[in-house]
Amino acid sequence: MTLFPEKAAVERAVGEALAPLTGHPREVLRDLLENRGKMLRPRLLIVSAVLTGGEKVKEEKALYRAAAAVEMIHTASLVHDDIIDDAALRRGRPALHLLRGRRAAVLAGDLLLARAFALLSGAEDKKRVLRLLARSVALLCRGELCQMNWRCRWDLTRRQYYRIIHLKTAQFIASCCEAGGLLAGASAEERRALREYGANLGQAFQLIDDYADYAGSPYQEGKPAGGDLKQGLATLPLIHLLETRPDYRQKLHAAPPELPPALQETLRKAIGENGSLDYTRAAALHRQEQALRALRLFPDNPARRALVGMAAAVTGRFSDISSISR
Ligand code: GRG
């Protein structure tokens, strides 16, 4: 049984978007696209469309083009993110900038983004999806810039943290769900509910990602743990520790911007012992509940159950997402 029956159609649409490329550019993108992730965003877009428009929406080519475009946008953001973070691994393999060099990786991300928008601009009547996703990419970049601006500053508040994860992760996931609704002709109320579901799912997703950076395996997907502290990023586990244990705040403020490994280790240990990881997990579970609550508008059917399953998988192991049956 195929677990994501639309996967082949989405991949065909990605192929269509990249068809005009030849030679070296095509080769660079091939490295990237051969190593697929969970395809969470295209799944969300398609299931949201089916939930609000019924099975007949699956006959529309525009659905697969939009699904391919969100996966391409997401992949472009990962390429750029890995350059910014100097990450060594992506999806368990060397990051593109290590395989092809930083300059080529920047341009490969740009190229992918441009081809994604070319795909979206194909259908005249789908302008609203194009506008929604263009705005969402701008917010992604603002989130990343904001996070960059807070690097090695340890006084980031919980409110500011939630704002950053909304911009860099949750709002794009919300836009994928809303785009599915738009393509299926969903009502304004349904689109709001889909957005609410996606935004909460996205927050839960990022909270678990930030949890995983401290908790390590089995949550880390081919990424070494401990990267956030090393890069000077304050995420909820650390923010919670600093809120509840001001003595650690003093230690951090007295330290150089690049934290010495011994202090990183002390903080990591303290975060575990202080209950800050449990706190982060509970915050993710709360967002997951909110996501499920947003689905109450919709009748029980296979598409709704698929969205429930995807929300449930986010706080379980990430890999469970790819085992959800539709
Ligand atoms: C070029 C579109 C573009 C944006 C530039 C760098 C940047 C601005 C934004 C970074 C946004 C980012 C990477 C946020 C993290 C989101 C996140 C948790 C990604 C992991 O998503 P998964 O687990 O990945 O769905 P897979 O590998 O399964 O696709």
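Cut-offs applied
- Residues numbered from 1 in each chain as written.
- Predicted model: local features only at pLDDT ≥ 70, side-chain atom pairs only at ≥ 80, totals over all residues.
- Heavy atoms only, no water.
- Disulfide = S-S within 2.5 Å.
- Buried < 20%, exposed > 50% of the residue type's maximum accessible area, 1.4 Å probe, protein only.
- Helix = DSSP H or I, 4+ residues; strand = E, 2+ residues; numbered from the N terminus.
- Polar contact = N/O pair within 3.5 Å; in protein donor to acceptor, adjacent residues only side chain to side chain.
- Axes fitted to C-alpha atoms, helices over the stretch in contact; angles between N-to-C directions.
- Parallel < 35°, antiparallel > 145°, perpendicular 65-115°, else oblique.
- Left-handed = near helix turned anticlockwise from the far one by under 90°.
- Contact = heavy atoms within 4.5 Å.
- Near = heavy atom within 4 Å.
- Areas by Shrake-Rupley, 256 points an atom, 1.4 Å probe, with all protein chains shown as cover.
- Expected span 1.5 Å × (residues − 1).
- Patch = residues over 30% accessible without salt bridge, like charges linked within 9 Å, V, L, I, M, F, W, Y side chains within 5 Å.
- Salt bridge = Lys/Arg side-chain N within 4 Å of Asp/Glu carboxyl O.

### Considerations on the state of the cysteines
In step 1: The full count for this structure, using the stated rule, is zero disulfides.
In step 2: A disulfide-free cysteine, C152 has its sulfur positioned 15 Å from the sulfur of C146, the nearest such atom.
In step 3: Of the residues examined, C152 reaches a relative accessible area of 31% and is grouped as partly exposed.
In step 4: You can see C177 has no disulfide; the closest cysteine sulfur is in C176, sitting 6.7 Å from it.

### Looking at the side chain of Q203
In step 1: Checked against the element boundaries, Q203 lands in helix α9 (residues 188-215).
In step 2: Only 3.5 Å separates the side chain of Q203 from the side chain of R287, close enough to count as a polar contact.

### Let's talk about the packing of helix α4 (residues 61-85) against helix α7 (residues 127-149)
In step 1: Packing of α4 against α7 leaves a shortest axis separation of 12 Å and a crossing angle of 15 degrees. Regarding the angle of α4 to α7, the classification is roughly parallel. Pair α4 / α7 crosses with right-handed handedness. From α4, V70, I73, S77, D81 and I84 reach across to α7, where they touch L133, V137, L140, E144 and M148.

### Here we look at the site of the ligand
In step 1: Residues in close proximity to the ligand total 22 residues, the closest being K38, R41, H74, R91 and F205.
In step 2: Here an oxygen atom of the ligand and a side-chain polar atom of R41 are 2.7 Å apart.
In step 3: In isolation the ligand has 750 Å² of accessible area, and contact with the protein removes 93% of it.
In step 4: Residue assignment for the shell around the ligand shows that the elements contributing at least two residues are α4, α7, α8 (158-183) and α9.

### Concerning α9
In step 1: A rise of 1.5 Å per residue sets the reference length of α9, with its 28 residues, at 40 Å; its end C-alpha atoms lie 40 Å apart and thus fit the reference within 8%.
In step 2: The buried fraction of α9 is high, at 20 of 28 residues.

### Here we look at a nonpolar patch on the surface
In step 1: Residues I84, L145 and M148 make up a contiguous nonpolar surface patch of roughly 260 Å² in combined accessible area.
In step 2: Of note, I84 is situated in helix α4.

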